[in-house]
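Letter by letter, the chains look like this.
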Amino acid sequence: MGDTMSTETRPGDERFFLRAGPFGLARLAEVSGSDVRPAAEGQNETALFRGVAPLHVAGPEDVSFLDNRRYLPLLENTKAGAVILAPAFADKLPARTAGLVCKTPYLAWARIAAAFHPAPSSSGVRHPSAYVSEKAEIGDNVEIGPFAVIEDGAKIGSGSLIGAHAMIGRSVEVGERCRIGSHVSLTHARVGHRVTLYPGARIGQDGFGFAVGPGGFETVPQLGLVVIGDDVEIGANSTIDRGSMRDTVIGAGTRIDNLVQIGHNAQLGRCCIVVSQAGISGSTELGDFVTIAAQAGLIGHIKIGDKARVGAQCGVMSDVDAGADVIGSPAMPFREFFRNVATLRKLSKKSSD
Amino acid sequence: MGDTMSTETRPGDERFFLRAGPFGLARLAEVSGSDVRPAAEGQNETALFRGVAPLHVAGPEDVSFLDNRRYLPLLENTKAGAVILAPAFADKLPARTAGLVCKTPYLAWARIAAAFHPAPSSSGVRHPSAYVSEKAEIGDNVEIGPFAVIEDGAKIGSGSLIGAHAMIGRSVEVGERCRIGSHVSLTHARVGHRVTLYPGARIGQDGFGFAVGPGGFETVPQLGLVVIGDDVEIGANSTIDRGSMRDTVIGAGTRIDNLVQIGHNAQLGRCCIVVSQAGISGSTELGDFVTIAAQAGLIGHIKIGDKARVGAQCGVMSDVDAGADVIGSPAMPFREFFRNVATLRKLSKKSSD
Amino acid sequence: MGDTMSTETRPGDERFFLRAGPFGLARLAEVSGSDVRPAAEGQNETALFRGVAPLHVAGPEDVSFLDNRRYLPLLENTKAGAVILAPAFADKLPARTAGLVCKTPYLAWARIAAAFHPAPSSSGVRHPSAYVSEKAEIGDNVEIGPFAVIEDGAKIGSGSLIGAHAMIGRSVEVGERCRIGSHVSLTHARVGHRVTLYPGARIGQDGFGFAVGPGGFETVPQLGLVVIGDDVEIGANSTIDRGSMRDTVIGAGTRIDNLVQIGHNAQLGRCCIVVSQAGISGSTELGDFVTIAAQAGLIGHIKIGDKARVGAQCGVMSDVDAGADVIGSPAMPFREFFRNVATLRKLSKKSSD
């Protein structure tokens, strides 16, 4: 596979990422909700940590992380000053390494990494090349990048960051501390607080609606908006069409990956996960905590219940019950799908014998 | 599923959409090719209507719409002043509601909604920040948005609208009354009249062509164009590569949804429908009135006959006859696909008994 | 299918493409590594050629091309002055047509077409509307298009071409003679020499990483880069996320088509081919010379061996051996897949008899 290590840079390179700290163990424990397990030898509890790194790269001033039994051999040999891990692995720590012990090590890791490398926040500077309508309302401390466009009547909440070449259409509302990526187009929309739109996301264009007329297709006006709840993230080059007669709604806390398509009038609940290249057709409704895996497709006008999980490449043609796991095209329960695969393999072998 | 109603705004919000009218019933009947069936009581035939709304939201000054028996209970309780519907449902109208009766209610709806909310048209204003080459030919009444780029030799037909950050390359021809969305890139192309390109569409870049050389892949120059017929629409973030030795052609009236890929030299006929995330590989030819459903994939160098329908997620590896319905991967007739699904389920059950 | 010929323009239209030449047979033979087989009659060996065209369009000053027995009837009737072809077909040349005979005619074609129509190269002109940070390092002879943005600390190698509206983020390194298309966003990345990024490609945004917290999802900082080797091409609107703790790596010579998703930490080897709308999930590793066909999906954390081929729409859930051919969802060997298809058809027919 080639020596990919040779191309590896240290995570959190300061040329590309912000850096905060250094932090002591007590502070890291507080940030992450962990208990400190001091190193058996060699490490002073007043030691300061400067960053995060994987087990095989970390040094004495780095915090590292273990959440999978598979990587125990790396733990044994790590030079990390501290490692975040579950209680079950705490006694495997090398003598010079402190533990940050907690039941949810991945969450603790997210928080400690974010403490060292906070997400970019607004500089409050409006680039002189940006075009901002005099009829737009721009909150305090909003950063606006080069060649960004903000049209008449748009409102941008305080602390938000509008990337280069982003286009915020007429009357659009963006909440506080949002990050609108470069090249985003955002029209016909109301967006909550702390929302992140990644570069090239297309929000609010016409849905795919037309009637058959005598001389060809005739466009059905798309008269709804896109409404995006707080803390939503929408991936690069994803597309969310506005509603036709109601709004397309993305519930608070939902995370949408890259190249995802959401059709007009779709209703997504809270804290859903939609993985890359999945497609949700018009007027389909997702409950809360639904997971749609990569490249899955949902036809229109169906309902997916709370906490249901739709597998990768699944083709969903009818409602899915709350809590159900489906996969295959057409969709069926996971167990049935894999039983079918096994049955067909067996019959196929027999028939070729 | 949460109370999504609470997030609903009235369709056609004037902050986001143009609004025309008010219109009387006679005018609406004329626009839509309907027959007026006056309300049994309470409504003057000279009443004026101001907009459109769904049955459960509409008031006495709104026009609403019914095209599915499923929504008859909503019709019974609607407060809409008028409802567009088929003759079969006309006797279900509440006493205070007029009918706009016609055989194609969805088409009538499209036309009435468009009468109240016309599509944006050109303001004729060129934003001072746009870069327009002196060697470009710009027709009358062309609107050019902020930071748009129009290169040497490009021609833009009268009444067209070029969005913010759109890029129209050298020598490209765009017809009259086109709408080129924000962030579109359009190069190596000839575009007809009344064409809409949604934000982020990529038209005219190199097709995916290379030969295997001794030191790696070597690019094969892509020397054709993209030719787009009149009244075509191409969705957000879709990609259409230019031809290698002939042109890639999109026939008049064809509608392409978001995130669709069209490979080099593909030939699409008139009034085709290509739904989101479908992919059509290089040199494949579609007849007229072909439907390609979401996430379907067609390999290269095949022919799909007129009026054929390719189902969602279908994988088409060979020619499809005119009028055929196929689905599955590899593609097969609809009936065969669903029979296979049933057979496998039965065999699988038996084998696990 | 309509008369698509009527829309055909001659390949290499000078309004859209550069043109070099004319060239004599000796030069064309040299460029392409072919042997000249002079025309039996009517053609002087000092004749000059001005362009390339398909067999049925070419005239006496054009070079054409045959690589498939299927097109022999076109060869018989061609008016092309010269045709590139394999030795096996050389005796089928018409009397007035010279041959450029070689074992790899498609490669020879690529080179001759590129001789007549070289790829656009940098004009060295920086458009006055571009925003280039004073802290960026711009090499010699770099062309920068209208409204391009180059941020602090970015380095652009000599001879590179930065398209209109492209955004090159802080500290990004771009090698020599690269072509960065319009509307590209390129952040958190190191890019080799002679790399082409097509319009709308999104490189370097955050990967899709989050932990479940008590109040919803919490973002895991993505602290790696995207590292792109020499001679890589990445298609329009494709998305490549940066790594979380290591870099996402695209090996030298690899070609990625449009609308492809590459997740964080993925490692692609040298000279891989990834066709449109395919998706490679996080941390998955491809060897060298791997082919991933259109719309295929690979789950995360698996390894695909050198020269393996993954079929269109394939769903790969586990490692694939070097040299293997897989297809289906879940993936299986090609032979097994088609045997399954045949078995199911047979059983299904029997069961419906």
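Owing to the predicted nature of the structure, the values given are computational and were not obtained by experimental measurement.

All right, on to the interface of chain A and chain C then. Between chain A and chain C, the residue contacts involve 63 residues of the former and 77 residues of the latter. Together, the buried faces of chain A and chain C total about 5500 Å²; carbon and sulfur atoms form 61% of this surface. Where chain A packs against chain C, one counts three salt bridges. The closest approach of N and O atoms between Glu336(C) and Arg345(A), which form a salt bridge, is 3.1 Å. Our count for the chain A to chain C interface comes out at 30 residue pairs in polar contact (both at pLDDT 80 or more). For the side of chain A that touches chain C, the element with the most residues is helix 4 (residues 334-352) of chain A, which contributes 10 residues. For the side of chain A that touches chain C, the class distribution of residues is 33 nonpolar, 20 polar and 10 charged.

Take the pattern of salt bridges next. All names here are of chain B. Evaluated as defined, the whole model comprises 39 salt bridges over all chains. Here Arg 15 makes a salt bridge to Asp 13, at a shortest N to O gap of 3.0 Å. Using a relative accessible area of 16% as the deciding quantity, one classes Asp 13 as buried.

On to the domain arrangement of chain A, then. What the domain assignment lists for chain A is domain 1 (8-116) and domain 2 (201-216 + 243-334). Its C-alpha centre places domain 1 of chain A at a distance of 38 Å from the equivalent point of domain 2 of chain A.

It is worth spelling out the interface of chain A and chain B at this point. Every contact between the two is made by 77 residues of chain A and, on the other side, 63 residues of chain B. In this assembly, chain A and chain B are joined by three salt bridges. Arg15(B) serves as the salt-bridge partner of Glu173(A), at 3.1 Å between the closest nitrogen and oxygen. For the pair chain A and chain B, the interface holds 29 residue pairs in polar contact (both at pLDDT 80 or more). Listing elements by their share of the side of chain A that touches chain B, those giving two or more residues are strand 18 (189-191), strand 21 (210-213), strand 22 (216-219), strand 32 (285-286), strand 35 (303-304) and helix 4 of chain A. Of all the elements, helix 4 of chain A adds the most residues to the side of chain A that touches chain B, at seven residues. Here the side of chain A that touches chain B is composed, by residue class, of 34 nonpolar, 28 polar and 15 charged.

Strands in a sheet are paired, the pairing made by backbone hydrogen bonds, and the direction either parallel or antiparallel. All names here are of chain A. Pairing in this open sheet of five strands is mixed, and the strands run 2-7-6-5-4 from one edge to the other. Each end of this open sheet is capped by a strand with a single partner; those strands are strand 2 (35-37) and strand 4 (51-52). Where strand 6 (residues 82-85) lies against strand 7 (residues 98-101), four bridges are found, and the strand directions are parallel. Its bridge partner being in strand 7, Ala 82 is matched across the sheet by Ala 98. Against the sheet, helix 1 (residues 25-32) touches strand 2, strand 5 (62-65), strand 6 and strand 7, its axis set at about 20 degrees to strand 7.

Turning our attention to the sheet that holds strand 16 (residues 179-180) of chain B. Residue and element names in this part refer to chain B. Strand order in the open sheet formed by 11 strands is 10-13-16-19-24-27-30-33-36-38-39, and the pairing between neighbours is mixed. A strand with exactly one partner marks an edge of an open sheet, and here the two such strands are strand 10 (143-144) and strand 39 (332-333). The pairing of strand 30 (residues 273-274) with strand 33 (residues 291-292) spans two bridges and is parallel. Across the sheet, the residue bridging to Ile 273 is Thr 291, located in strand 33.

This next bit is on helix 1 of chain A. All names here are of chain A. If you check which residues of helix 1 are buried, you get Leu 25, Leu 28, Ala 29 and Ser 32. Around the axis of helix 1, the buried residues are gathered within 100 degrees of arc, so they sit on the same side. Exposed residues on helix 1 whose side chains face more than 90 degrees from its buried face are Ala 26 and Glu 30. Gly 33 lies just past helix 1 and shows a positive phi near 65 degrees.

So, about the relation of the copies chain A and chain C. Least-squares fitting of chain A to chain C yields an RMSD of 0.0 Å, with the transformation described by 0.0 Å of translation along the axis and a rotation of 120 degrees. Within this description, the copies of the chain are treated as partners about a three-fold rotation axis. Interface overlap between copies is the fraction of interface residues in one copy that are interface residues in the other; for chain A against chain C it is only 19%, indicating separate surfaces.

In this section: the relation of the copies chain A and chain B. Each copy superposes on the other: chain A lies on chain B with an RMSD of 0.0 Å after a rotation of 120 degrees and an axial shift of 0.0 Å. Little of the interface of chain A is mirrored in chain B, where only 16% of its interface residues again form contacts.

Conventions we followed
Residues numbered from 1 in each chain as written. Chains lettered and ligands numbered in written order. Predicted model: local features only at pLDDT ≥ 70, side-chain atom pairs only at ≥ 80, totals over all residues. Heavy atoms only, no water. Contact = heavy atoms within 4.5 Å. Buried area = accessible area lost by both parts, 1.4 Å probe. Salt bridge = Lys/Arg side-chain N within 4 Å of Asp/Glu carboxyl O. Polar contact = N/O pair within 3.5 Å; in protein donor to acceptor, adjacent residues only side chain to side chain. Helix = DSSP H or I, 4+ residues; strand = E, 2+ residues; numbered from the N terminus. Nonpolar A, V, L, I, M, F, W, Y, C, P; charged D, E, K, R; others polar. Buried < 20%, exposed > 50% of the residue type's maximum accessible area, 1.4 Å probe, protein only. Domains from an automatic or database assignment. Pairing = 2+ DSSP bridges. Axes fitted to C-alpha atoms, helices over the stretch in contact; angles between N-to-C directions. Arc of directions from axis to C-beta. Least-squares fit on C-alpha atoms with pLDDT ≥ 70 in both.

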